[in-house]
Each structure stands twice: as structure tokens, then as C-alpha cells.
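Summary of the model geometry
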Amino acid sequence: MRLIWQKIRAKAGLVNSWLLAVLAFVLPLSTSAVSAVAILILLFWLLEGNFWEKFAETLFTPVAVTVLAYLALLCLGLLWTSYPVEGFIVLRDHWKIALLPVFLTSVRFEQRWFYLSSFLAGMTAAMLLTYLAWFGLLQYADVSPTHLTPKTFHVVYNPLLAFAIYLILHKVLWGGYEKKVRATLLILAGLMSFNMFITEGRTGQAVFFVLISLLLLQIFTKNRFRAILAICLLLPVGGSVSYLASPVFQQRVDLALQEVDSFKENPNTSVGLRLQFCENSLLLFQQNFCLGVGTGDFKSAYAVINQQKSPKSIPTDNPHNQYLLSAVMLGLPGLLTLLLIFVAMILQARTDEDSILQRVRFAFPVFFLVIMLAESYLKVYQTGFFFVLMAAVLYKKQPEPQPKGRCWLILSYRANIPGSACSQHIDDRLPHLQKQGIEPILLTGPVGQKSTFWRHYRSLSIAPSGIRFELRHFLRRHLQKRWQFKIVETLLLLPVLPFYLLEKIIVNLESEWSWGLLASLRGLLLCRRLQPEMLYSTGGSASAHIAALLIKNWTGIGWIAETQDPLVHDQDWRRSRLVLLLYKNLEQLICKQADLFVFLVQAAKEHCQQRTGSCRAVTIYPGAEPSWFSQVQYVKSDRCRFAHCGSLAGTRNLAVFFQALEQVVSRRPELRRLVRVEVYGSFDSLSEREMKRLRLHDLVLLHGSIKRQEALTAMQQADCLLLIQNTIYFSCETIPSKVYEYLLTGRLILGLLHHNQELETMLTKNGHCVVPADDVQATAAAIEALLDDWKTEQQDKRTVVTETWTVAKAVDRLLCLTEHRCS
């Protein structure tokens, strides 16, 4: 019985994929058929099951999320409406677009052109009916040779016809068909174009010219001048020919112009009413800018302002403009959310560059953005269904191919971010995992660029702090000028500010803490599809471990948790007690449920075990890549170059080093001309003040942020590399990742360390110099000794590396432990 049920569920999905094609065909033909097929699709969708996968796919399709956000806002608008019954009528009018998740998860990606072709077949059948009526061979209801569509169906028919013409011309240009097929399609496009101007829909006729203009821009993508020239020549000619050749089009254009001219005297005409609706609705929007009048209150609010401003005009419950309807009911949030739907479409069209439907993906939002100026098309029955069906077909994401062998799902908020130590840690390991036969699958935050080499997925944070953090990073990448950044940041983040402050009052966690919630759902979907053999959470953010913990509980897949910095510190905790409690509980859960808990420092592991008891914890030094350090030849200059690479902030600064250096050059002035301090990366305000106070600015050269390879080159050309730790308890549990790069250069290292015996042993064992980070005298003595050595040494004096820590060794050790080949 269970096997039979599974077969029925599997067939349900197949049936639905064909029912969508039927829906596309009947869409321009029969509203009753559309309703019947839509109900069948919903029933088979429920029968098929797999709701977790469907939920996850919907959640990670931006177009679907924005549509659902718009619907959620309509529901929320019921809270401040004065007429709830009218509000539910509004929701009923918009119920079609709530089917987007159903259609999206029923569409078969490989059948997308089949659905579009079914729609074109339906439009061809509808067009043939109008031609039969035009020739007097078909008459029913009010259809006649002078009125080719039933009642007001031209309001829907002509816009759909315009989009069908665009699709056919797209097939002709980029479909790759033989000449006979292209000729047939051109004839069909010609018949439809002629039909456009013997039917009455002015909105469709207007959007037809817009889509033809877009098509010309797409044809001449590499030569915009030719595109604009073609538009300027062809459209006026086409419009003039249509006007002269089509009495229907001529009559509709003349009538529209006449109604505009007589608007003040007689607003109760087709165009006049739309102008009056627009004028009054804009006043309503200005009066209810923040939240609108509420879902359902448009009719009553409009009646009041209509009586005040235009008592002779007919009142309405629909301004025949989707933007104004949303703005009046829901205020600025409603208008922005509506526009966000089409922004999401355009952004997805830009990112999916290889898609054969990329041009159509641009055309679809342009199409709706235009026609919604003339009617509230998302609430109109056929166009509401057309919107969700085409959105599902066009913005369905391609299913991921199955990995050819072993694969790991790697969860790290930061990846592929130049200059980020957390990102570089995992970025460096990916090639070595691949060499070991493991395909790395990345699941990260949106801060870094999407990798073009690895399979890479990204998720967003949902808390106000995460939205703020990620939006600021996005703006910094795209807005180079500070004033532009500040203006846009203020405008976009102002609505988030109250919620951000509330979040920080309740719980002051790291900005990306909420990333783990969506990442866990995305990770679950990936695990179901790709079947990774291991979860690997790393990257420095606790949210990666939260996501991996949830996925582990849902799937039972093995889990490696790697903490680059300890989650909890036994002393000098700088956040609230609540945050400490949360992190302690997370640490306990990792110890209990992770198959392997990896630390980068032995002291951090020992402290964790003291807090939590026994767990399968190991220490693996991350290492660096030796191949990076074989290209540069050291050349001694006329000055001893002290170089610091990396960020400076807080108690990790150059103040003690500058004070010590000032003592040395004051006591022995002849050494001043032999010293240069080169700073690569950030330069904090305390270091800058100390440099100026001690008048050492002539000895300091600030390079700012540079690329990693340039930093590695600078390390190899330095005479002494500076390593500086924070003077807080936390330093005893961390070893900066650049230590391993410093060691592989073979250059001398001067380490200003703070109670870190492990790092001190690592450096002194390899012949480097270590002093306390807060001891000016010891630092001065070390600097003086180094300068004396440098003066007497004419050749390249390299330290002897007695033990090397490399990325390859770290990955080998990690795999050895996960495969239980070592302990």
C-alpha cells in the first residue's frame, strides 16, 4: 500500500506539469476552464506532498518571496481598515497571485518553452476567434465585426496579445529554428500584429510599442545608438501606418485625445475617469503616506475625497492603476513592496546570464510595469493568473546537477571575501578538499561575491541587524563616493532603525546571528538534493554552527564544527549575560551533537573541555600555502623595514611599538635614518595619535588595504614582520592566521604577545623574537638588538623553519579524523 501511495504521489507531480501547460493554453480562452484547471493543480500539488522541499524552493526564489511579502502586507492592512468585509473582498481579488508557490514548485525546468508555446497556442486560438468575428463568421453575445471581443475582454486580450507577439519574435530571432519554421512564426507574428490594431485595447497597443522598442534594444545590445535610431525610425512609422490603415485604432486614438481635451468639462469618460481617479488617489496617498487607509478602505476613502474634489465624477473602488491602489491602501510600504517584486525579477534576469530566457525575463517585468499604469492588473482574473504562471515559468531556478562523487556542505557566513581572515581560512582549503576527491558545496552569507569556480549558494539574514549589516556591505561595493553611500544608506535603513534598536535592547548578538535560520532551510534543501556526506561549519560566525546543528537534527548527516575564535571566553566577556548564556548553551550542543569539534588553538580546546566536559575535540593548526612564497627574492635596502600586515583596532595597535621605537631612536639618533615602519591594512586612531605625538610620522609608511598577493610579497621583502596581539584574556586562546604566512616567509618575526604560551613556543622554536605586548622596555630592547643585527648582516638572513604548518596538512588531518583513520 505504501509503494502504491508513493507511485501516486510521484505521478501527481508529473500530471501537474502537464496541467500547467493546459492552464497556459486556456488562459486567453475561458475563465471557467482556468478556474477548473487551477483547482486541479492545487489538489495534485497537495497530493504530491514534499512540502519541506517546496517551502525551501519558494523561500529561496526572490520573486516568490517578494510576491508573498506583498500579499502579507495586504493581510496586515486588515489591522487598520475600517471595513474588514471590503478588505476580505480585496484579498479575494488577489488570491490568484497566492498560487505562485504552487505553480513555481510544479513547473518542470526543462519544459519552460513548452509552457510558453502552450500560451502562444491559446493566444493563436483566441486570435482566430476574433478573425472569424471580423469576417462575420462568428457572432455571440456582443461580439460582432465591429466589436471583436466579448464585453470588456479587450482590456485583457490586447496586453496578452502584445506579449505573445514579443515571444514569437524572440523565437524567430534566438530560437535557432530552420528558415521554414522562422517564416511560419513571422507570418503568425504579422497576423497577431494586424489583429492588435483591429481590436480595441489601447493598453495592449501601447505596451506593444514598448515591447517592440525593448526587442530592438535587445537586438542591438552592443550598439545602443543603432537601437535608439531604429526605435526613433520604426515606431513613428509603425504608429502612423497603424493609425491610417486601421479605422478601429484611429477611432480609439482620436477618442482618447478628445477625452483628454474635454476632461475638465466632462470627466465621466473612459480616459477622463482614469485621470480623475489618478488625481484623487494621489491626494489620498499624500494624506495617508505612512500606512495607507488599510486593505478594503479604498472605496470609502475615495468616496469622501471624490465628493470634496470632484462631486460630478463617478466614485470607484478601483483607480485602474495598480500602483495607486497599493499606495492608497498600504501607503509607501505597499508601493515599495509592489515595486520590489519587479526589482527581484530584473535582478534574477541579470544573474542568470546563460539562460535562453534571459531576454524574456527582462521583458516580463517591463510588460507588467507598463500595463499596471492603466489598470490594476494583479486583481484582474486572467492577468492575475498570467502573472503567477509566467513568473513561475520564467523565474524557476535550474535544478542542481548531482555531484559526481563525494561532497561536503560547507557552512560559513564569510567566503570569497578579499581581506577577511575568516573567509581566507575556508577559501584556502577548498582546492585541497577537491584534490582529496571531495566536492565542496558552499553555503554562505551575501557579503562575499558569488564564486564562479565552486558550487556556491547564499542566504540572507532576517533580523534587523543582519539586514542592516548586509545592506551596508552591498552599498559599499556599489557606491564608491561616501556622500552617495550615506544618502542611500539613510533612505533605505531608516524604516529598519526602530526594529534594529529594539533588537539590540532585547539581545545584542553579532549582526549575522539570524543568518543561520534561513541558511538551515537552504541547507536542508541542498542536503535533500545533493546528499552530502558531511556538514562542515566554520567561518568565525556562530550562525554557521546554528544552521549546521539544525540540519544535523533534521537529516542525521555527519557534522564537523570548527570554531576559528572561541564561542565563549572565561574572562573579559564584553557582552550581556544573556548572550553569554546563549553561547554557552550552543557550545554545549556542539559538544554533544557534532561528530568532530575542531579548534585552531590548543588552549581554546582545553578551556572548552573544562567548561563542557568530554567531547570529541581536536586542535588543527590551519597553516598556509608554501607555493605562495617561492616567487619573490628579498633585496636588502638602505633601511630596516618593519612591516605590519592586517587590521589594527582596540588594544591591538602600534602604540607600544611606537613608544619603544621612540626610546631607541632618542637614545641612539644614528638609528633613526635606518628605520622604516610599513603598515599594510587598517591604521587605527590610537596608533595614529601616538605616531604624531612621538613625531615618528617620517618613519611610517601607510599602504592601506592591498590585495592578498601584494601583502604576501610585502611580507617577503620586509626585514622584520610585526605580530601584535590584543592585551586581553581572549589573546591566550587565539593565534592570528597570518602567523603561518609570516613563518613561511622565513623573515624574522617580532611578536608582541599577551599571555599566549602556545604562540610564544611556536615562534621561539623557529628562532623568532617574542616580548610582552604591554612591555615598552622589552620591546625597545628587542628593536635595538634587531637593528644592530641588521646593520652587521649584509646578506639575506632567513630564519630556519623547524616545523611547517600548511593548509594541505590541515586538510589531511581533518579527513583523517573524519574517516577515523587517526585519533
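For the structure itself, look to the data block above.
Below is a short write-up of the structure. Treat the numbers as computed from the prediction; the structure is a model and nothing was measured.

1. What about the overall build of the chain?
Within the chain, the secondary structure is distributed over 32 helices and 13 strands. For the chain, the proportion of its 823 residues judged to be buried stands at 54%. Of all intrachain contacts in the chain linking residues separated by at least 6 positions in sequence, the fraction that spans at least 24 positions is 73%. Total accessible area computed for the chain in this model is approximately 37600 Å², and 61% of it derives from carbon and sulfur atoms.

2. Observations regarding the packing of helix α13 (residues 270–287) against helix α15 (residues 322–351)
Between α13 and α15, the least distance of the axes is 9 Å, while the angle of their chain directions is 30 degrees. By the criterion of interaxial angle, the relationship of α13 to α15 is roughly parallel. α15 is crossed by α13, and the crossing has right-handed handedness. On the side of α13, the interface is formed by C278, S281, L282, L284 and F285, while α15 contributes L324, A327, V328, G331, L332 and L335. For the contact of α13 with α15, the per-class residue count stands at nine nonpolar, two polar and no charged.

3. Brief notes about the pattern of salt bridges
According to the stated counting rule, one finds 24 salt bridges in the structure shown. Here K486 makes a salt bridge to E489, at a shortest N to O gap of 3.6 Å. Linking K486 with E489, this pair stays in helix α20 (residues 482–493), spanning three residues, or about one helical turn. Residue classification places K486 among the partly exposed residues on the basis of a relative accessible area of 35%. Residue E489 is classed as buried on the basis of its relative accessible area, which comes to 8%. The closest approach of N and O atoms between D788 and R668, which form a salt bridge, is 3.0 Å. Placement of the pair is D788 in helix α31 (residues 776–792) and R668 in the loop between α26 (655–667) and β9 (675–680), with a sequence separation of 120 residues. What emerges from the salt-bridge pattern is a single network uniting R667, R668, E670, E784 and D788.

4. A look at α20
Over its 12 residues, α20 runs 16 Å from end to end, which matches the ideal 16 Å to within 8%, given 1.5 Å per residue. Within α20, burial applies to F485, E489 and L493. End-on, the buried residues of α20 take up no more than an arc of 30 degrees, which puts them together on one face. Opposite the buried face of α20, by more than 90 degrees, sit the exposed residues W483 and L491. Close packing links the buried residues of α20 with α19 (464–478) and α21 (497–506).

What counts, and at which threshold
- Residues numbered from 1 in each chain as written.
- Predicted model: local features only at pLDDT ≥ 70, side-chain atom pairs only at ≥ 80, totals over all residues.
- Heavy atoms only, no water.
- Helix = DSSP H or I, 4+ residues; strand = E, 2+ residues; numbered from the N terminus.
- Buried < 20%, exposed > 50% of the residue type's maximum accessible area, 1.4 Å probe, protein only.
- Contact = heavy atoms within 4.5 Å.
- Areas by Shrake-Rupley, 256 points an atom, 1.4 Å probe, with all protein chains shown as cover.
- Axes fitted to C-alpha atoms, helices over the stretch in contact; angles between N-to-C directions.
- Parallel < 35°, antiparallel > 145°, perpendicular 65-115°, else oblique.
- Left-handed = near helix turned anticlockwise from the far one by under 90°.
- Nonpolar A, V, L, I, M, F, W, Y, C, P; charged D, E, K, R; others polar.
- Salt bridge = Lys/Arg side-chain N within 4 Å of Asp/Glu carboxyl O.
- Expected span 1.5 Å × (residues − 1).
- Arc of directions from axis to C-beta.

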